[in-house]
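The lines below spell out each chain.
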Amino acid sequence: MKIFSVSRMLFALGFLMTVSISCSDDDEPTPTPVIPNDIQLKETTTAGKVLTDKDGKTLYFFTKDVAGTSVCSGGCATKWPVFSVTDLAKMKLDASLTAADFGTITRADGKPQTTYKGWPLYYYQDDAAAGDAKGENVGGVWFVAKPTYSIMLANGQLVGNDGKSYKSDLTEGTGDTQFFVDAMGRTLYAFAKDSTNNNNFTTNDEKHDASWPIYTAEITDIPSAIDKSLFATIDVFGKKQLTYKGWPLYYFGPDGTTRGATKGVSVPKPGVWPIVNKDSPSAPKK
């Protein structure tokens with residue numbers, strides 16, 4: 001009996017050693033595959049960090065979409081394919097992005113399109129690989145999508161508070177005008193009575209200033225079509241107001257949060273509170 005028991009013990013020890021050797025530390029576990037985020041923030045070859053899809057393909061804004069609806073259709077939509085996430089509730093984002101900044105619109109053709117800060121998102125057909133940003137500044141109206149724009153460009157019809165349509169020279173008439181907006185598509189204005197880096201409107205009286213709130217921002221990213229060196233900030237009652245070519249920048253209170261609204265161009269008459277764009281003259285000296 002004892003010999004039998006010893007034999008069984010030796011067999012058991014041999015089995016355990018075999019199992020131990022086969023499960024040694026040299027055997028590495030199979031790695032769990034990393035599933036990329038639906039929307040990422042990636043470095044491009046020419047345009048810095050931009051929004052991309054899960055494969056790293058660059059996404060774009062169209063300045064003519066400032067109102068928050070897509071006006072790119074037909075041949076335009078062929079050249080600039082629509083980007084859409086199937087289910088925003090399940091969307092995976094880069095850690096630096098905020099889900100509340102994304103939304104979905106229904107295009108005129110009935111198809112969904114994903115938006116960022118109200119801007120519909122697109123691809124560019126000529127971007128062959130991840131990291132390409134060949135669509136930047138195409139036609140002066142297409143720009144890479146970035147989460148850090150201080151200034152964006154918009155194109156649209158100027159319509160004053162009087163309900164009249166205005167051209168870029170602020171005479172009555174119809175025509176497309178390009179102008180500066182903030183990252184959320186809110187129009188920015190200058191005050192004709194200001195001078196270089198000098199705000200002559202704001203008084204620090206809440207009721208007075210509410211009609212033309214100052215645009216408080218530090219300049220970060222801007223579309224490549226604009227010269228970044230032409231921006232600065234000035235101190236206005238302890239707040240940093242952004243300036244362009246010396247012009248302090250303002251919102252028009254009655255525009256509210258309406259994207260692309262330009263009611264201020266007719267108040268109190270055209271030319272007193274003009275929109276601002278690349279062609280704006282430098283502010284006069286004091």
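Here goes a summary of the coordinates provided. The shown structure was predicted, so the numbers you read here are calculated from the model rather than taken from an experiment. (Residues numbered from 1 in each chain as written. Predicted model: local features only at pLDDT ≥ 70, side-chain atom pairs only at ≥ 80, totals over all residues. Heavy atoms only, no water.)

**Concerning the layout of surface pockets**
(1) Moving on: Space inside the largest pocket adds up to approximately 170 Å³.
(2) Moving on: If you trace the largest pocket, you find it lined by Thr202, Asn204, Glu206, Asp209, Ala210, Trp212, Pro213, Ile214, Val236, Phe237 and Lys239. (1 Å grid on protein atoms, 1.4 Å probe; cavity = no way out; pocket = protein on both sides within 12 Å on 5 of 7 lines; lining within 4 Å. Points joined across faces, edges and corners; volume = space filled by probe spheres on them.)

**A look at the pattern of salt bridges**
(1) Moving on: Here the structure, examined in full by the defined rule, presents 5 salt bridges.
(2) Moving on: Asp109 is paired through a salt bridge with Arg107; the nearest N and O atoms lie 3.7 Å apart.
(3) Moving on: Its salt-bridge partner being Lys146, residue Asp221 comes within 3.8 Å of it at the nearest N-O pair. Here Asp221, found in the loop between α3 (206-209) and β11 (231-236), pairs with Lys146, found in the loop between β7 (142-144) and β8 (152-159); they are 75 residues apart in sequence, far enough to count as distant. (Salt bridge = Lys/Arg side-chain N within 4 Å of Asp/Glu carboxyl O. Helix = DSSP H or I, 4+ residues; strand = E, 2+ residues; numbered from the N terminus.)

**Description of the pairing of β8**
(1) Moving on: Counting buried positions along β8 yields 6 of 8 residues, so the element is predominantly enclosed.
(2) Moving on: In this structure, β8 lies alongside strand β10 (residues 176-181), joined through 6 bridges in antiparallel fashion. In the sheet register, Leu153 faces β10, and the bridge partner there is Phe180.
(3) Moving on: Direction of pairing for β8 relative to strand β9 (residues 165-166): antiparallel, over a ladder of 2 bridges. From the neighbouring strand, Leu158 faces β9, where its bridge partner is Tyr166.
(4) Moving on: Counting the residues between successive antiparallel strands, the hairpin from β8 to β9 contains 5 residues, one of them, Gly163, with a positive phi of roughly 80 degrees. (Buried < 20%, exposed > 50% of the residue type's maximum accessible area, 1.4 Å probe, protein only. Pairing = 2+ DSSP bridges.)

**Some details on the packing of aromatic side chains**
(1) Moving on: Enumeration according to the criterion identifies 24 aromatic pairs in this entry.
(2) Moving on: Summarising the aromatic geometry, the rings of Phe61 and Trp119 are spaced 5.5 Å apart at their centres and angled 25 degrees between planes, so their arrangement reads as stacked. Here Trp119 lies in strand β6 (residues 119-120) and Phe61 lies in strand β3 (residues 60-62), a separation of 58 residues in the sequence.
(3) Moving on: Seen from their ring centres, Trp80 and Tyr124 are 4.2 Å apart, and the 25 degrees between their planes marks the pair as stacked. You can see Trp80 sitting in the loop between α2 (75-79) and β4 (102-106) and its partner Tyr124 sitting in the loop between β6 and β7, a full 44 residues away along the chain. (Phe/Tyr/Trp six-rings, centres within 6.5 Å; stacked < 30°, edge-to-face > 60°.)

**Overview of the sheet that holds β8**
(1) Moving on: The strand order across the open sheet formed by 3 strands is β9-β8-β10, and the pairing between neighbours is antiparallel. Each of the sheet's edge strands pairs with one partner strand only, and the pair in question is β9 and β10.

**Some remarks on the state of the cysteines**
(1) Moving on: In the structure shown here, the tally under the stated rule is 1 disulfide.
(2) Moving on: Covalently, Cys72 is tied to Cys76 through a disulfide, its sulfur atoms 2.0 Å apart. Taking the sign of the S-S torsion, about -110 degrees here, the bridge from Cys72 to Cys76 comes out left-handed. (Disulfide = S-S within 2.5 Å.)

**Concerning the sheet that holds β11**
(1) Moving on: Strand order in the open sheet formed by 3 strands is β11-β12-β13, with antiparallel pairing between adjacent strands. The outermost strands of the open sheet, each flanked by one partner alone, are β11 and β13 (247-248).
(2) Moving on: As judged from the 2 bridges shared by strand β12 (residues 239-244) and β13, these two strands associate in the antiparallel manner. What sits directly across from Tyr244, in β13, is Trp247.

**Overview of the side chain of Asn199**
(1) Moving on: One can find Asn199 in the loop between β10 and α3.
(2) Moving on: Classification of Asn199 by relative accessible area gives buried; the value is 14%.
(3) Moving on: Here Thr202 takes part through its backbone nitrogen, which lies 2.8 Å from a polar atom of the side chain of Asn199.
(4) Moving on: Filtering out sequence-adjacent residues up to four positions away, Asn199 remains in contact with Asp194, Ile214, Ile234, Val236, Gln241, Pro248 and Tyr250. (Polar contact = N/O pair within 3.5 Å; in protein donor to acceptor, adjacent residues only side chain to side chain. Contact = heavy atoms within 4.5 Å.)

**So, the side chain of Asp94**
(1) Moving on: If you trace the backbone, Asp94 turns up in the loop between α2 and β4.
(2) Moving on: Within the buried core, Asp94 has no salt-bridge partner, and the shortest N-O distance to an opposite charge, that of Lys42, equals 6.4 Å.
(3) Moving on: Polar side-chain contacts of Asp94 include one of 2.7 Å to the side chain of Ser96.
(4) Moving on: Once residues within four sequence positions are removed from consideration, Asp94 is found in contact with Asn37, Ile39, Gln40 and Leu41. (Lys, Arg positive; Asp, Glu negative; His and termini not counted.)

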